[in-house]
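A closer look at the structure
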Amino acid sequence: MALSVLPASKCSSHYQFYRTSIIQQTTRKSAMIIRMTASSGGGAGGQLASYEEGELERPNWTGQTPLSRLVGALISFKPLYSVLKLGARQVLISTAEKTNVPWREMTKEILESDVYKEMESIENPSIVYPDYYLSPFHAYDEGNLSWLAAAEAEAATMSMVRRAIPDASSLDEANEIVRGNWLNAIEKHHQQYSGNLEIKDILDIGCSVGVSTRFLADKFPSAKLTGLDLSPYFLAVAKYKEKINPQKSNSFEWIHANGENTSLDSQSFDIVSISYVLHECPARATVNLAKEAFRLLRPGGTFVVTDNSPKSKKLQQLSPVLFTLMKSTEPFLDEYYLLDLEKTVKDAGFVNVQTILTDPRHRTLTATVPY
Ligand SMILES: C[S@@+](CC[C@H](N)C(=O)[O-])C[C@H]1O[C@@H](n2cnc3c(N)ncnc32)[C@H](O)[C@@H]1O
């Protein structure tokens, strides 16, 4: 059983747990400030409760299993792929709207805004996209390189959070668990292993439209945030949102670059975060991302990855319809689930490598750069 954090409502009395509480919520849809309150002797250094893991190492619809191969063969049949792609998109939007994520409204708002003006200052004209990034993805023919993908990204993120905690009564409640437990895992790891390294500079690799970047900013209000992504469209949305809704204390920079090879200065960050990126990447990219994070962190700095957990009971029990639809729009899921992430991170040079389930679907891995 993995260590993890349970929401207060899900914890039986013998668990020690953290209770996250939203202490401030602005009118922005996703901008919350979450603070930890210690419950039953918790605090940042307290013990964490457990989520139950499934019985397998990874879902049997991934990897080299017969079921996984069958799904792969179905998806590679072009006429069926087109139908699945459309189906996946429809399921995504309708599931989101059923949980009160106003997908179409949010998309329209962005597409009809001045976001396009941000492109010129964001786009790095000399960028070389890795080949994996140029294939159709998430049911978009241009992958992440389109305005539609950028306009829908925040609603997709909200929907992912709602799916992770289906019993939550609101998005905020689901975010308290999914984002709150991830942030608390970072804080706890950093306090324990960084040797009091002050958190001044945070890099969010694969920041997309800046949702994870804003959560990090709220948690660490004195840090400077750098959001880095391969999609200039996503970064344009991030910058536009920051402009229309500026954060009070943090400063932000948005960089269009490949996280595998950023050209940023070595040892220039205290935290490097990669959230919900790796399941979208081939294994070779993950290896490079871990090495680059190691280069970019100062000694004592904390690396954090959060993403789907192969050991998640919920993911292992996903219905055939859902995992087939999911695999039809996520070309690297098999590679993601097969890769030994802890070993990859250790091989990059990190120490204190720890993984916990921070919600029923997702794991958070934290690690330190040795002094
Ligand atoms: C699901 S989104 C991340 C969401 C965001 N971090 C969050 O937690 O809400 C994945 C992002 O990773 C980016 N990405 C994929 N490969 C990348 C790479 N090699 N370098 C930088 N960004 C990358 C994609 O463009 C996309 O914006």
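The preceding data block contains the structure.
Description of the structure in this document.

Here is what the cut-offs are and how they apply
- Residues numbered from 1 in each chain as written.
- Predicted model: local features only at pLDDT ≥ 70, side-chain atom pairs only at ≥ 80, totals over all residues.
- Heavy atoms only, no water.
- Phe/Tyr/Trp six-rings, centres within 6.5 Å; stacked < 30°, edge-to-face > 60°.
- Helix = DSSP H or I, 4+ residues; strand = E, 2+ residues; numbered from the N terminus.
- Buried < 20%, exposed > 50% of the residue type's maximum accessible area, 1.4 Å probe, protein only.
- Contact = heavy atoms within 4.5 Å.
- Near = heavy atom within 4 Å.
- Polar contact = N/O pair within 3.5 Å; in protein donor to acceptor, adjacent residues only side chain to side chain.
- Areas by Shrake-Rupley, 256 points an atom, 1.4 Å probe, with all protein chains shown as cover.
- Nonpolar A, V, L, I, M, F, W, Y, C, P; charged D, E, K, R; others polar.
- Pairing = 2+ DSSP bridges.

What follows covers the packing of aromatic side chains. Within a pair of aromatic rings, the relevant descriptors are the distance that separates the centres and the angle that separates the planes. The full count for this structure, using the stated rule, is 10 aromatic pairs. Where Tyr-116 meets Trp-147, the ring centres are 4.8 Å apart and the plane angle is 70°; that geometry is what we call edge-to-face. Of this pair, Tyr-116 sits in the loop between α3 (103-111) and α4 (119-122) while Trp-147 is found in helix α5 (residues 147-164), placing the two residues 31 residues apart along the sequence. Owing to a relative accessible area of 36%, Tyr-116 belongs among the partly exposed residues under this scheme. With 5.1 Å between their ring centres and 85° between their planes, Trp-147 and Tyr-233 make a pair best called edge-to-face. Placement of Trp-147 in helix α5 and of Tyr-233 in helix α8 (residues 232-244) is noted, with a sequence separation of 86 residues between them. Feature note: the residues Tyr-129, Tyr-132, Tyr-133 and Phe-332 constitute an aromatic cluster, connected by ring pairs.

The next point concerns the side chain of Ser-212. Note that Ser-212 resides in helix α7 (residues 211-219). If we skip the residues at most four places from it in the chain, Ser-212 touches Arg-179, Trp-182, Asp-204, Cys-207 and Ser-275.

Another aspect to go through is the site of the ligand. By nearness alone, 20 residues border the ligand, and Tyr-133, Gly-206, Asp-229, Gly-259 and Ser-275 come closest of all. Within the side chain of Tyr-133, one N or O atom sits 2.4 Å away from an oxygen atom of the ligand. Taking Arg-179, its side chain carries an N or O atom lying 2.9 Å from an oxygen atom of the ligand. Here the ligand loses 95% of its free accessible area of 610 Å² to cover by the protein chains. Split by residue class, the shell around the ligand holds 8 nonpolar, 8 polar and 4 charged.

Let's shift gears to the pairing of strand β9 (residues 362-368). Among the 7 residues that make up β9, 7 are buried, leaving the element largely enclosed by the rest of the structure. Burial of the side chains of β9 extends over both faces: His-362, Thr-364, Thr-366 and Thr-368 are buried on one face and Arg-363, Leu-365 and Ala-367 on the other. The sheet contact formed by strand β7 (residues 297-308) and β9 spans 7 bridges and is antiparallel. Following the sheet pairing, Thr-302 is matched in β9 by Thr-368. Hairpin connection from strand β8 (residues 351-357) to β9: 4 residues lie between these consecutive antiparallel strands.

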